[in-house]
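Analysis of the macromolecular model
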Amino acid sequence: MKDNAIFQIARLCSSLSIMAFGGGKSMIPDLHKEAVTDLKWMSEERFVDLFAISQTAPGPSTLFVSLIGYQTAGWTGFLVAALALLLPEFILVYAISVSWDSIRKKPISHIITEGVAPVTIGLLLSGALVVATSSIHGAGGVVVAVAAFFIFSLTKINPLFVMGIAALTGLTGWM
Amino acid sequence: MNSPEAYNFPTAPDPDSPCVSAIFICFAKMTLVSFGGGLTAWSRQILVEEKGWLSDSEFLEILSLSQALPGAINANLAIIAGRRLKGMAGAISAILGLALPAMVILAVLVSLYISCLSNPAVGKALSGVTCACAGLSAATAYRLGKKHFKKPMSLVFVIGTVFLVGVLRFSLIPILLSLGPISALCVWLAGRRAASSEKIL
């Protein structure tokens, strides 16, 4: 039974690994359907709790799957899920990166990179906008975000220092 | 692979390329400072500003590629950047550096079964950091995009993307796969037009 669960975790995570375009958020619906609805590994509440826990941790958001693995098959599940997530992605991205290098020096690559660059910058700005609208709940938040923008755009001050100040500002409850 | 250009591939590491432990530590640091978010912004800060391993345009190129591929964008970025720095060994140390500290932290949190957000003090501090992360991400876009904001055509695509993804909340991949090629086509047409007008002059 447990071996079967581990096999299922490996299958689920490795397929999510190469299907999750756009990162962690995009794999939540599939993961939820399999882990909660179809395979009944955990309750709805447990899934939401695990997601909340993973949101607190730094690093790539897709590692959320290792918590699903842990819930289902303990520490073995945790490691199998992480490995099944990272390995197929590694092989695919590495291979594409190799083939990208073979066209990198040709004129066509200049057109592709110049063309896609504004969209990439727009996506980065959109990410900032989405984070801003979900995290800013008042004037304090606006001040911190705008101040951070100007400090990081115009100066070379270490971001860690600014993040420290932002954390302290948050702690005062001024946000 | 037997073409003469094959000898120019950056797969053979330069003598001055960083060692694998430096790459591992650099990506581990990236994960550890990204509490509260902003991992892409931190990647640029550390790879471009602190280490000087990549230029802004190289970083932008790698970021574009990472976004178009499946999986976490920052994991893809680590694999591609790591490979460019030191081939296969570099890619492996970069992805391990990024993932291992995150896994350790996840393991600790889940074994205690706590979300830091349930602690009011930690929640408040993180909310401050998250607001600053929004600013940091916007500033990263500003620094990477400086050159592109000056070109009206590029600016149209930046604003279009922000409107579609940031405001209307379309998902990332369809926008990247539709606007990206259109924008590339415009770059190509503009290049051809410039070339033909040079000929006339």
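Residues numbered from 1 in each chain as written. Chains lettered and ligands numbered in written order. Predicted model: local features only at pLDDT ≥ 70, side-chain atom pairs only at ≥ 80, totals over all residues.

**Some remarks on the overall build of chain A**
Note the following rule: Numbering of helices and strands starts at the N terminus; helices are DSSP runs of H or I of at least 4 residues and strands are runs of E of at least 2. Atoms counted for the radius of gyration: C-alpha only. Globule rule: 2.2 Å times residue count to the power 0.38. Burial is judged by counting other C-beta atoms within 10 Å of a residue's own C-beta: 20 or more means buried, 12 or fewer means exposed, and anything between counts as partly exposed, with every C-beta placed from the backbone.
Within chain A, the secondary structure is distributed over seven helices and zero strands. Here the C-alpha atoms of chain A give a radius of gyration of 20 Å, more than 25% beyond the 16 Å that 2.2 N^0.38 yields for 175 residues. Across its three principal directions, the C-alpha atoms of chain A cover 55 × 55 × 25 Å. Going through the 175 residues of chain A one by one, you find that 47% of them count as buried.

**Concerning the overall build of chain B**
The secondary structure content of chain B amounts to seven helices and zero strands. Across chain B, helices and strands are ordered from the amino to the carboxyl terminus as α-α-α-α-α-α-α.

**Quick notes on the interface of chain A and chain B**
Just so we agree on the cut-off: Any two residues are considered in contact once their C-beta atoms, placed from the backbone, lie within 7 Å. All residues other than Ala, Val, Leu, Ile, Met, Phe, Trp, Tyr, Cys, Pro, Asp, Glu, Lys and Arg, Gly among them, are scored as polar; the first ten of these are nonpolar and the last four charged.
Between chain A and chain B, the contact holds 79 residues from the first and 87 residues from the second. Among the elements that make up the side of chain A that touches chain B, the one with the highest residue count is helix α5 (residues 107-135) of chain A (23 residues). Looking at the side of chain A that touches chain B residue by residue, the classes come out as 51 nonpolar, 24 polar and four charged.

**Thoughts on the environment of Arg11 of chain A**
Looking at where Arg11 of chain A falls in the secondary structure, it is placed in helix α1 (residues 2-17). The spacing of Arg11 of chain A and Ala81 of chain A is 70 residues in sequence and 9.0 Å in space, taken between C-alpha atoms.

**A word on the confidence of the model for chain B**
Residues and elements named next belong to chain B. Threshold: The predictor reports its confidence for every residue as pLDDT, a score running from 0 up to 100.
Taken over all residues, the pLDDT of chain B has a mean of 88, while the share at 70 or more is 89%. When mean pLDDT is compared element by element in chain B, helix α1 (residues 20-33) scores highest at 96, while helix α7 (residues 172-200) scores lowest at 87. Segment residues 1-9: pLDDT under 50, and four contacts once partners within four positions in sequence are set aside and those in other chains are kept. Reported for the predicted complex are a pTM of 0.86 and an ipTM of 0.89.

**Points about the nonpolar core**
To keep things clear, this is the line we draw: What we call a nonpolar core is a set of buried Ala, Val, Leu, Ile, Met, Phe, Trp, Tyr and Cys residues whose membership is set by joining through C-beta atoms within 7 Å.
The biggest cluster of nonpolar side chains holds 110 residues, and the ones touching the most others in it are Ala81 of chain A together with Ala132 of chain B. Ranked by the residues each element gives to this core, the list is headed by helix α4 (residues 73-112) of chain B, at 18 residues.

**Some words on the packing of helix α7 (residues 159-171) of chain A against helix α5 (residues 120-149) of chain B**
Short version of the rule: Throughout, an axis means a line fitted to C-alpha atoms (over the contacting stretch in the case of helices), and angles, computed between N-to-C directions, take values from 0 to 180 degrees. When an angle is under 35 degrees it counts as roughly parallel; over 145 it counts as roughly antiparallel; between 65 and 115 it counts as roughly perpendicular; any other value is oblique. Two helices cross in a left-handed way if the nearer one is turned anticlockwise from the farther one by less than a right angle. They cross in a right-handed way if the turn is clockwise.
Two elements in contact, α7 of chain A and α5 of chain B, have axes whose closest approach is 7 Å; the angle formed by their N-to-C orientations is 135°. Comparing the axis directions of α7 of chain A and α5 of chain B gives the class oblique. Read as a crossing pair, α7 of chain A and α5 of chain B show a hand that is right-handed. Here Pro159, Val162, Met163, Ala166, Ala167, Thr169, Gly170 and Leu171 of chain A of α7 of chain A lie close against α5 of chain B, whose contacting residues are Ala121, Lys124, Ala125, Leu126, Ser127, Gly128, Val129, Cys131, Ala132 and Leu136 of chain B. Among the residues making up the contact of α7 of chain A with α5 of chain B, the classes are represented as 13 nonpolar, four polar and one charged.

**Observations regarding the packing of helix α6 (residues 139-154) of chain A against α5 of chain B**
Put simply, α6 of chain A and α5 of chain B touch, their axes get as near as 7 Å, and they point 35° apart. You can see that α6 of chain A and α5 of chain B cross each other, and the crossing is right-handed. On the side of α6 of chain A, the interface is formed by Gly141, Val144, Ala145, Val146, Ala147, Ala148, Phe149, Phe152 and Ser153 of chain A, while α5 of chain B contributes Gly128, Cys131, Ala132, Ala134, Gly135, Leu136, Ala138, Ala139, Tyr142 and Arg143 of chain B. Broken down by class, the residue content of the contact of α6 of chain A with α5 of chain B amounts to 14 nonpolar, four polar and one charged.

**A few points about helix α2 (residues 24-38) of chain A**
Residue and element names in this part refer to chain A. Worth spelling out the cut-off: Every helix has an expected span of 1.5 Å times one less than the residues it contains. Bend at a given residue is defined as the angle between two axes, one fitted to the seven residues that end at that position and one fitted to the seven that begin there.
Between its first and last C-alpha atoms α2 spans 20 Å; for 15 residues at 1.5 Å apiece the expected length is 21 Å, and the two agree. Most pronounced at Asp30, the bend in α2 amounts to some 35°. Burial in α2 covers these residues: Gly24, Ser26, Met27, Leu31 and Ala35.

**Structural notes on α1 of chain B**
For an α-helix, the turn length of 3.6 residues means that residues three or four places apart are oriented alike. Taking 1.5 Å of rise per residue, the 14 residues of α1 of chain B would be expected to cover 20 Å, and the 20 Å separating its terminal C-alpha atoms lies within 8% of that figure. Residues of α1 of chain B that are buried in the fold lie against α2 (39-50) and α4 of chain B.

**Details of unusual backbone geometry**
Phi is positive for Lys40 of chain A, close to 50°, though the residue is something other than glycine. Tracing the backbone shows Lys40 of chain A in the loop between α2 and α3 (44-56). The phi torsion at Arg169 of chain B lies on the positive side, around 60°, for a residue other than glycine. Locating Arg169 of chain B in the fold gives a position in the loop between α6 (152-167) and α7. Classification of Arg169 of chain B as exposed rests on a count of 10 C-beta atoms within 10 Å.

**Considerations on the environment of His148 of chain B**
As for its position among the elements, His148 of chain B is in helix α5. Residue His148 of chain B is classed as buried on the basis of its 20 C-beta neighbours within 10 Å. Note: C-alpha distance between His148 of chain B and Ala68 of chain B (80 residues apart in sequence) is 20 Å. Excluding anything up to four places from it in sequence, His148 of chain B contacts Ala117, Pro118 and Ile121 of chain A together with Ser154 and Val158 of chain B.

**Quick notes on the environment of Ser126 of chain A**
Here Ser126 of chain A shows up in helix α5. On the basis of neighbour count, Ser126 of chain A is assigned to the buried category, with 25 C-beta atoms found within 10 Å. Separated by 36 residues in sequence, Ser126 of chain A and Phe90 of chain A place their C-alpha atoms 26 Å apart. Setting aside chain neighbours within four positions, we find Ser126 of chain A in contact with Thr161, Val162, Val165 and Gly166 of chain B.

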